[in-house]
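Geometric and topological summary
Here's the letter readout for the chains.
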Amino acid sequence: MSCCFAKFTSNASSSCLPCLAQDKNARPLSLSGHVGFDSLPDQLVNKSTSQGFCFNILCIGETGIGKSTLMDTLFNTNFENFESSHFEPKVKLRAQTYDLQESNVRLKLTIVNTVGFGDQMNKQESYQHVVDYIDTQFESYLQEELKIKRSLHNYHDSRIHACLYFIAPSGHSLKSLDLVTMKKLDSKVNIIPVIAKADTISKSELHKFKIKIMSELVSNGVQIYQFPIDDETVSKINTAMNGHLPFAVVGSTEEVKIGNKMVKARQYPWGVVQVENENHCDFVKLREMLICVNMEDLREQTHTRHYELYRRCKLEEMGFKDTDAESKPVSLQQTYEAKRQEFLGELQKREEEMRQMFVQRVKEKEMELKEAERELQAKFEQLKRLHHDETSKLDEKRRMLEDEINTFNKKKAATELLQAQAFNTNANIKKDKDRKK
Amino acid sequence: MREDIPQRLKTQVQMEENDTDPTEQVPCTNDSGPEDHTQDHATLNYVGIEAVLDQMRRKAMKTGFEFNIMVVGQSGLGKSTLMNTLFKSKVSRKSCTPNYEEKIQKTVHLQSVSHVIEEKGVKMKLTVIDTPGFGDQIDNDNCWEPIVKYINEQYEKFLREELSINRKRRIPDTRVHCCVYFLPPTGHCLRPIDIEFLKRLGEIVSIVPVIAKADTLTIEERQEFRKKIQHDLQANEIRVYPQREYDEDAEDRILNDKIREKIPFAVVGTDREHQVNGNKVLGRKTKWGIIEVENVAHCEFTNFRDLLIRSHLQDLKDVTHNIHYETYRVRRLNDSNVNGLGLSSLSITTGENVL
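Residues numbered from 1 in each chain as written. Chains lettered and ligands numbered in written order. Predicted model: local features only at pLDDT ≥ 70, side-chain atom pairs only at ≥ 80, totals over all residues. Heavy atoms only, no water.

Looking only at helices and strands, one finds nine helices and ten strands in chain A. Here chain A, with 437 residues, has 41% of them falling under the buried criterion. Pairs at least 24 residues apart make up 66% of the contacts formed inside chain A by residues separated by at least 6 positions. By element, 55% of the accessible surface of chain A is carried by carbon and sulfur atoms, the whole surface being about 25,900 Å². (Helix = DSSP H or I, 4+ residues; strand = E, 2+ residues; numbered from the N terminus. Buried < 20%, exposed > 50% of the residue type's maximum accessible area, 1.4 Å probe, protein only. Contact = heavy atoms within 4.5 Å. Areas by Shrake-Rupley, 256 points an atom, 1.4 Å probe, with all protein chains shown as cover.)

Printed below as a string of C-alpha cells:
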C-alpha cells in the first residue's frame, strides 16, 4: 500500500492566489547556506522569452474616432490600416497580427478593430458581433484544451486580453449604445474605457466628463477593469491610475519640432498638442498601464476569470456537472461517456431506420421491375402470334399462287399442244395442196 | 452566418500582413522601469514591451514555486543525506538516527514531506518523496509498482482537477518533477533491478541517476563505472533526463550533450562542516583525508546541484507538464474511450502495458 502524507488543502477560489506559506502541511524551513534556486524566476523568464509572448487587443469605437491612429502611436509603428467606409451594413471585426520585437522580447500582437460600429441606422445588433467574436476565441481555446492530443504551449492564443472602448468626446455623458455594449462585455473581457480625441475638450470639461462617465458606469453596474492593487510594488501607481480612469487620449504619428526635439504631436493654428506630455493628455498613463505595468495581469485575468467563466457556462450548458443528483462527484469523463453512449445509440437507431427504408425501397423496385418484365413477355407473345398469323396467311397465299401457276402452266401446255397440232394440220393441208398442184 | 464574416476577414488580412510585414523592429532603449518619466520616453521612442519580463518575474516571486522530487534507492545509500545537502536543510528524515524505530517495510511505502523554503525573496514549496523499502526485500519482484502507482495517481489527481467544471485558480501540482535514482557504487554495471526500474519509470517521469557514496570509488573507477552504465543505458534503450528527444534546438542539444556525457553523477553527501585551509567546507572526515563535497575535484555534487536547481529546475517542471503529463492524459482519455467506462474504474498499469 502506498500512502501519501501530504494532502493539499486549497483555499476556496478567492481573488488572489493562495500563498504558499499558508499551506498547513508544509512547514517553513530555514536554509543554512546558498542553495541556488533564487535563479528560478530567471529560468522561468528565459523560457518565456524564447517562446515569445502573445497579446490581443480589441478596439471598439465608432468609425473615425481614432482607433487605428492610437494603436499606431501606442506601439510606435505604422500598422498599415486603411480608412473604413461609413456605410457598412453590419458590424464586422477585422483582426490583424503583427510580430514586434523590443531588445530580446518578441511579442505577437493581434489588434482587432470593429468596422462600422455605430454606423448603422438600427444599432440594436451592433454589440452582438463583438460578443460572438470574443466567444469564438474562447471556444477555439476550449476546443484545443479538450482535445486528446493537444499542444497548448504551442497554441496561438487568440483570446482578447484587453478591450479598449473608445468614448466619443461629447463632453456630456455616455451614449446608450456605449452603456449597452459595455454591459454586455464586462463579464467577458477586461474593459478599459478611453476618451478619444481628447484635444477637443478643455481641462475643466474633461474633469466633469470623467466623473460623469464613471458614475454612469457604476450606477449601471458595468465592471470595468481595475488595475490590481494587491502587489506592493505596483499598488501605489495602480491606485493612482485607477483614479484617472477613463484615460483621455490623443493619438498621432506625425512629428513636430518642439524646442530641439521631434515629438509626436498634432499641430493646430492655435498650438501644438503633444501626445506624450502628461499635461496635454493621458496617453503616457495609458501606455504605462496597458503595457509596462499590467500586461501580464491582463493576460492572467483573461485566463483565470473570463475564460474560466466561459468554460464553466459552456460545459454546464452541455450538461456536464461536477456532482450528480446524489451529490456524488461525477467526473467530466463519466458525463461525457454517458452522452457519447446516448449519441452512439441514436446513431445506431438512425442507421437501422435507414437500412429498413433501403430494404423497403429495394423491394418496391424489384416488384416494379417484375411487373415490367411480365408486360414485356405478354407483348412478346402477342407479337409472336401476330407474326405466326401473318406467316400462315402468306403461306396460304403462296399456295394459291402456286396452284394458279400450275393451272396456268397446264393451260399453257395444253394451248401449245393445240397450237402445235393446229400448225401441224395446217402444214399437212398445205402440203397436200402443194402436191395436188 | 455572422461568425463567418469576422473569421474570413481575419484570415484574409492575416495573409496580407504576413506578406508585407514579417517582423517589425521597434527601436529599443535602455532597461527603463515603469516609473520613468515622459522625457526619456519621448526622446527614445520607447514602447515598453520588455517590461513584461519584470511583470512575469514579480508574479512568479509572489506566487512562489512548487517542486516535487522523489528519491529511489536501497536503504543505506545516503538518499536523505544527499537531499539535506542539496537543500542545505533537514528536508528529509534519515532512517538511521537512534530514535528511528520503524523496521524495514515489507513493501515499498512512499512517504512525502513538504517544506517551504525561501531564498532572496523566492519562495519554494519543496516536497521530498521517499521510498523506503525499495530493493530491500529478498524478493524484489514488482517493487517498482507502488512507485509507478503513486506517480500515476498524481497525474490522475491533476487530470481530474483540470477536467472539473469548477476548477481552482491554481491547480495544486503534486506531480513528481524529478526522480533521483541511487546506484550503489559497485563499479561493475547496472543490476537487473536497476534496469527494470529505469526502463519502466523512464517512460513516465524524468529520472536523474546518481552514483551514491562515490567516495568509495577512485576517479578512474568512477570513469569506468560511468562508461559501463552509459553503455547499459543505451543498450536497454533507457531514457534518462535530459532526454535526447526533447531537445528543442541545436543550442539545447549542445548543452544537453555535455550534461549527458557526465551522467550519472558521482555524488557524496554530508551535513557536517570541517575546516580546510582556514575555510569551513562541507565534507566527510576520514583518517586519510577530508572529502570536500563541493569540490569538483573530489566529487560531482556541484554539477548535480547546478543541473537540478540552478539551471534545469524549470525545465524539469516543463518536461513533466508538457510531455509526461500529456502522454498520461492521452493514454487515459483514449483508454476510457475504448472501454466506454468512466474514470471510476481506473486500473493503474505498469510501464509495460503502456500503449
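On we go from here.
Here we come to the overall build of chain B. Assigned secondary structure in chain B consists of ten helices and ten strands. Out of the 355 residues in chain B, the part that is buried amounts to 53%. Residue pairs at least 24 apart in sequence account for 66% of intrachain contacts in chain B once pairs closer than 6 positions are excluded. Per element, the accessible surface of chain B, about 16,900 Å² overall, is 50% carbon and sulfur.

On to the UniProt feature "coiled-coil region" (unreviewed entry) in chain A. Mapped onto this numbering, the UniProt entry gives "coiled-coil region" (unreviewed entry) at residues 355–389 of chain A. Segment residues 355–389 of chain A splits into 100% helix and 0% strand. End C-alpha atoms: 51 Å apart. (UniProt positions renumbered as here; feature names shortened; annotations may be inferred.)

Further remarks concern the packing of helix H8 (residues 295–317) of chain A against helix H3 (residues 51–63) of chain B. Two elements in contact, H8 of chain A and H3 of chain B, have axes whose closest approach is 8 Å; the angle formed by their N-to-C orientations is 60 degrees. With respect to H3 of chain B, the element H8 of chain A is oriented oblique. Packed against H8 of chain A, whose contacting residues are Met295, Glu296, Asp297 and Glu300 of chain A, the element H3 of chain B presents Val52, Gln55, Met56 and Lys59 of chain B at the interface. Considering only residue class, the contact of H8 of chain A with H3 of chain B consists of three nonpolar, one polar and four charged. (Axes fitted to C-alpha atoms, helices over the stretch in contact; angles between N-to-C directions. Parallel < 35°, antiparallel > 145°, perpendicular 65-115°, else oblique. Nonpolar A, V, L, I, M, F, W, Y, C, P; charged D, E, K, R; others polar.)

On to the pairing of strand E5 (residues 178–183) of chain B, then. Residues and elements named next belong to chain B. Most of E5 sits inside the fold, with six of its six residues counted as buried. Here E5 shows a buried face lined by Cys178, Val180 and Phe182 and a second buried face lined by Cys179, Tyr181 and Leu183. Sheet topology note: the E5/strand E6 (residues 207–211) ladder contains five bridges and is parallel. Following the sheet pairing, tyrosine 181 is matched in E6 by proline 209. (Pairing = 2+ DSSP bridges.)

Let us look at the packing of helix H7 (residues 283–293) of chain A against H3 of chain B. Axis separation between H7 of chain A and H3 of chain B bottoms out at 8 Å; the angle between their running directions is 60 degrees. As the angle between them shows, H7 of chain A and H3 of chain B are arranged oblique. Of H3 of chain B, the residues touching H7 of chain A (which contributes Ile291, Cys292 and Val293 of chain A) are Ala51, Gln55 and Arg58 of chain B.

The next subject is the side chain of glutamate 308 of chain A. Assignment of secondary structure puts glutamate 308 of chain A in helix H8. For glutamate 308 of chain A, a relative accessible area of 10% gives the class buried. A polar side-chain atom of glutamate 308 of chain A sits 2.5 Å from a polar atom in the side chain of arginine 167 of chain B. In this structure glutamate 308 of chain A touches His303 of chain A together with Arg167 of chain B, once residues within four positions along its chain are discounted. (Polar contact = N/O pair within 3.5 Å; in protein donor to acceptor, adjacent residues only side chain to side chain.)

Residues and elements named next belong to chain B. An order of E8-E9-E10 is seen for the three strands of this open sheet, with the pairing classed as antiparallel. Since the sheet does not close on itself, it has two edges, and those belong to strand E8 (273–276) and strand E10 (289–292), each with one partner. When strand polarity is set aside, the average angle formed by the axes of neighbouring strands in this sheet is 65 degrees. In terms of strand pairing, strand E9 (residues 279–286) meets E10 through four bridges, oriented antiparallel. For threonine 286, the partnering residue across the bridge sits in E10 and is glycine 289.

Enumeration according to the criterion identifies 15 aromatic pairs over all chains in this entry. Considering the side-chain rings of phenylalanine 138 of chain A and tyrosine 307 of chain A, the 6.1 Å spacing of their centres and the 55 degrees angle between planes classify their relative orientation as tilted. Of this pair, phenylalanine 138 of chain A sits in helix H3 (residues 126–146) while tyrosine 307 of chain A sits in helix H8, placing them 169 residues apart in sequence. Residue phenylalanine 138 of chain A shares its accessibility class with tyrosine 307 of chain A, and that shared class is buried. A ring pair is formed by tyrosine 268 of chain A and tryptophan 270 of chain A, whose centres lie 4.9 Å apart and whose planes are at 5 degrees; its orientation type is stacked. Within the aromatic cluster, the residues linked to one another by ring pairs are Phe138, Tyr141, Tyr155, Tyr307 and Tyr310 of chain A. A cation sits over an aromatic face here: arginine 159 of chain A above tyrosine 141 of chain A, 3.6 Å from the ring centre. The ring of phenylalanine 158 of chain B carries arginine 175 of chain B above its face, with NZ or CZ at 3.7 Å from the centroid. (Phe/Tyr/Trp six-rings, centres within 6.5 Å; stacked < 30°, edge-to-face > 60°. Lys NZ or Arg CZ within 6 Å of the ring centre and 35° of its normal.)

Our next topic: the confidence of the model for chain A. For chain A, the mean per-residue pLDDT works out to 82, and 89% of the residues sit at or above 70. Throughout residues 1–22 of chain A the model reports pLDDT below 50, and contacts reaching past four residues in sequence, or to other chains, amount to 40 contacts. (pLDDT = per-residue confidence, 0-100.)

Moving on, we get to the state of the cysteines. The full count for this structure, using the stated rule, is zero disulfides over all chains. Here cysteine 54 of chain A stays unpaired: no disulfide links it, and the sulfur of cysteine 59 of chain A, its closest cysteine neighbor, is 16 Å away. Unpaired in this structure, cysteine 178 of chain B has its nearest cysteine sulfur neighbour in cysteine 179 of chain B, at a distance of 7.0 Å. On the basis of relative accessible area, cysteine 178 of chain B is assigned to the buried category, the value being 0%. (Disulfide = S-S within 2.5 Å.)

Residues and elements named next belong to chain B. The end-to-end C-alpha distance of helix H7 (residues 219–235), which contains 17 residues, comes to 24 Å, matching closely the 24 Å that a straight helix rising 1.5 Å per residue would cover. Those residues of H7 that fall on the buried side of the exposure criterion are Arg222, Phe225, Arg226, Ile229, Asp232 and Leu233. The arc that holds the buried residues of H7, viewed along the axis, is 130 degrees, so those residues lie on one side. Of the exposed residues in H7, those oriented more than 90 degrees away from the buried face are Glu220, Lys227, His231, Gln234 and Ala235. Next to the buried residues of H7 lie E5, helix H6 (192–202), E6, helix H8 (250–262) and strand E7 (265–266). (Expected span 1.5 Å × (residues − 1). Arc of directions from axis to C-beta.)

This part takes up the pairing of strand E2 (residues 65–72) of chain B. Residue and element names in this part refer to chain B. Judged by how many residues are buried, E2 sits mostly within the fold: eight of eight residues are covered. A two-sided burial pattern is seen for E2, the buried positions comprising Phe65, Phe67, Ile69 and Val71 on one face and Glu66, Asn68, Met70 and Val72 on the other. Of the strand pairs in this sheet, E2 and strand E4 (residues 122–130) are connected by seven bridges, and their pairing is parallel. Bridge pairing links methionine 70 to isoleucine 129 in E4. Note: E2 against E5, four bridges, orientation parallel. In the strand pairing of E5, valine 72 is matched with tyrosine 181.

Right, let's get into the confidence of the model for chain B. Residues and elements named next belong to chain B. Overall, the prediction assigns chain B a mean pLDDT of 76, with 77% of residues at 70 or greater. Highest mean pLDDT in chain B belongs to E5 (91); lowest belongs to helix H1 (residues 4–20) (36). Low pLDDT (under 50) marks residues 1–44, which in the prediction has 67 contacts with non-local residues, meaning those over four places away or in another chain. Every residue in residues 340–355 scores below 50 in pLDDT, and together they form 27 contacts with partners more than four places removed in sequence or on other chains. Reported confidence for the predicted complex is 0.73 by ipTM and 0.71 by pTM.

Residue and element names in this part refer to chain A. Most of helix H2 (residues 67–75) sits inside the fold, with seven of its nine residues counted as buried. Within the sequence span of H2, burial applies to Lys67, Leu70, Met71, Asp72, Thr73, Leu74 and Phe75. Lining the buried residues of H2 we find strand E2 (53–60), strand E3 (92–102), strand E4 (105–115), strand E5 (162–167), strand E9 (261–268) and H7. At the exit of H2 stands asparagine 76, carrying a positive phi of roughly 60 degrees.

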